[in-house]
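Here's the letter readout for the chains.
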Amino acid sequence: MTGLDPFYLIVGHVSRLELLVPHGVRLVQLRVKNQPETEIRRQIRRARDVCAVHRAQLVVNDHWQAARDLGCTFVHLGQEDMDTADFAALRRAGIRFGLSTHDEAELERALALDPAYVALGPVYPTLLKKMKWGPQGLDRVRAWKARAGAVPLVGIGGLTPERLPGLFEAGADGAAVVTDIQQAENPEARCQEWIAATERYRR
């Protein structure tokens, strides 16, 4: 996919997106969980408008029907979401999609769908949520990139600016960040640190 920014911010609420995107974020995922449909659509609509003003690419997590209805151009789907997503409808609407993968079977399934990118995680131990997969490590990143070929690979899970050189040397095209910014004392300053740290990986 053209223009995959190496810094891929993930936020859980549109208010955090509004706070951070103006600092120069170019790629941001809105991951809204456990909210009524009206609130989900309100947040997606607001995120869409904020990203349009700041020329950032919005990626909507999970809620592909709402994203399509609201004129969004990019979604991210986990493996369970892939079971119910209408990929033909997404393609007809011109919506690109990224897909989560954790093992080889999931990667094979994802690549068969011609995604805009595949995500691998967790690369390192993560505090975000309890996962049935252990840390994948950089060797798995290398193996995934060898399999993915021209499809961009995004690493997620336990990433910090200090770990970026290893991640990108292993072949990743992007670093998805949740906890390191979410739990920072000053999320805005930390976000700016990430943007600076990934500058050299921008093509």
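Small disclaimer: the values here were computed from a predicted structure and weren't measured.

Can you walk me through the pairing of strand 1 (residues 7-11) in this structure?
Regular strands show a simple pattern: their side chains alternate between the two faces of the sheet. Of all five residues in strand 1, five are buried; the element is thus mostly enclosed. The two faces of strand 1 match: Phe 7, Leu 9 and Val 11 on one face and Tyr 8 and Ile 10 on the other face are all buried. Pairing analysis gives three bridges linking strand 1 to strand 8 (residues 174-177), with the strands arranged parallel. Bridged to Phe 7 within strand 8 is Ala 175. Pairing analysis gives three bridges linking strand 1 to strand 2 (residues 27-30), with the strands arranged parallel. What sits directly across from Ile 10, in strand 2, is Gln 29. With helix 1 (residues 14-20) bridging strand 1 and its parallel neighbour strand 2, the resulting β-α-β unit is right-handed.

When you look at unusual backbone geometry in this model, what are you seeing that I'm missing?
What you tend to see is this: most non-glycine residues have negative phi, and most peptide bonds are trans. Cis geometry is found at the peptide bond from Gly 121 to Pro 122, where omega equals -5°. Relative to the assigned elements, Pro 122 resides in the loop between strand 6 (117-120) and helix 7 (137-148).

It is not clear to me how the side chain of Asp 173 should be interpreted in this structure. Could you clarify?
On the secondary structure map, Asp 173 appears in the loop between helix 8 (164-169) and strand 8. Residue Asp 173 is classed as buried on the basis of its relative accessible area of 11%. Only 2.8 Å separates the side chain of Asp 173 from the side chain of Lys 145, close enough to count as a polar contact. Beyond its immediate stretch of four places on either side in the chain, Asp 173 contacts Leu 4, Asp 5, Pro 6, Lys 145, Val 151, Pro 152, Leu 153, Phe 168 and Arg 203.

Quick question: what am I supposed to make of the nonpolar core here?
The nonpolar side chains of a soluble globular protein tend to be buried, and buried together. One finds Phe 7, Leu 17, Val 28, Leu 58, Val 75, Leu 77 and Phe 87 to be the most contacted residues of the largest nonpolar core, which totals 59 residues. When residues of this core are assigned to their parent elements, the largest contribution, five residues, is made by helix 2 (residues 37-54). The residues touching Leu 77, leaving out its near neighbours within four places in the chain, are Asp 62, Trp 64, Met 82, Ala 85, Phe 87, Leu 90, Gly 98, Leu 99 and Ser 100. Judged by nonpolar contacts, the second largest core, of 13 residues, contains Leu 4, Val 59, Tyr 117 and Ala 119.

Could you clarify how one ought to interpret the packing of helix 6 (residues 104-112) against helix 7 in this entry?
Geometry of a packed helix pair, given as the angle between the helix axes and the separation of the axes. At their nearest, the axes of helix 6 and helix 7 sit 11 Å apart, and the two run at 30° to each other. One element, helix 6, and the other, helix 7, form an angle in the roughly parallel class. For the pair helix 6 and helix 7, the sense of crossing is right-handed. Where helix 6 abuts helix 7, its residues Glu 104, Leu 107, Glu 108 and Leu 111 lie against Trp 144, Arg 147 and Ala 148. Each residue belonging to the contact of helix 6 with helix 7 can be placed in one class, and the counts come to four nonpolar, no polar and three charged.

What counts, and where the lines are drawn
Residues numbered from 1 in each chain as written. Predicted model: local features only at pLDDT ≥ 70, side-chain atom pairs only at ≥ 80, totals over all residues. Heavy atoms only, no water. Buried < 20%, exposed > 50% of the residue type's maximum accessible area, 1.4 Å probe, protein only. Helix = DSSP H or I, 4+ residues; strand = E, 2+ residues; numbered from the N terminus. Pairing = 2+ DSSP bridges. Right-handed = clockwise from strand over helix to strand, strands pointing away. Polar contact = N/O pair within 3.5 Å; in protein donor to acceptor, adjacent residues only side chain to side chain. Contact = heavy atoms within 4.5 Å. Core = buried A, V, L, I, M, F, W, Y, C linked by side-chain atoms within 4.5 Å. Axes fitted to C-alpha atoms, helices over the stretch in contact; angles between N-to-C directions. Parallel < 35°, antiparallel > 145°, perpendicular 65-115°, else oblique. Left-handed = near helix turned anticlockwise from the far one by under 90°. Nonpolar A, V, L, I, M, F, W, Y, C, P; charged D, E, K, R; others polar.

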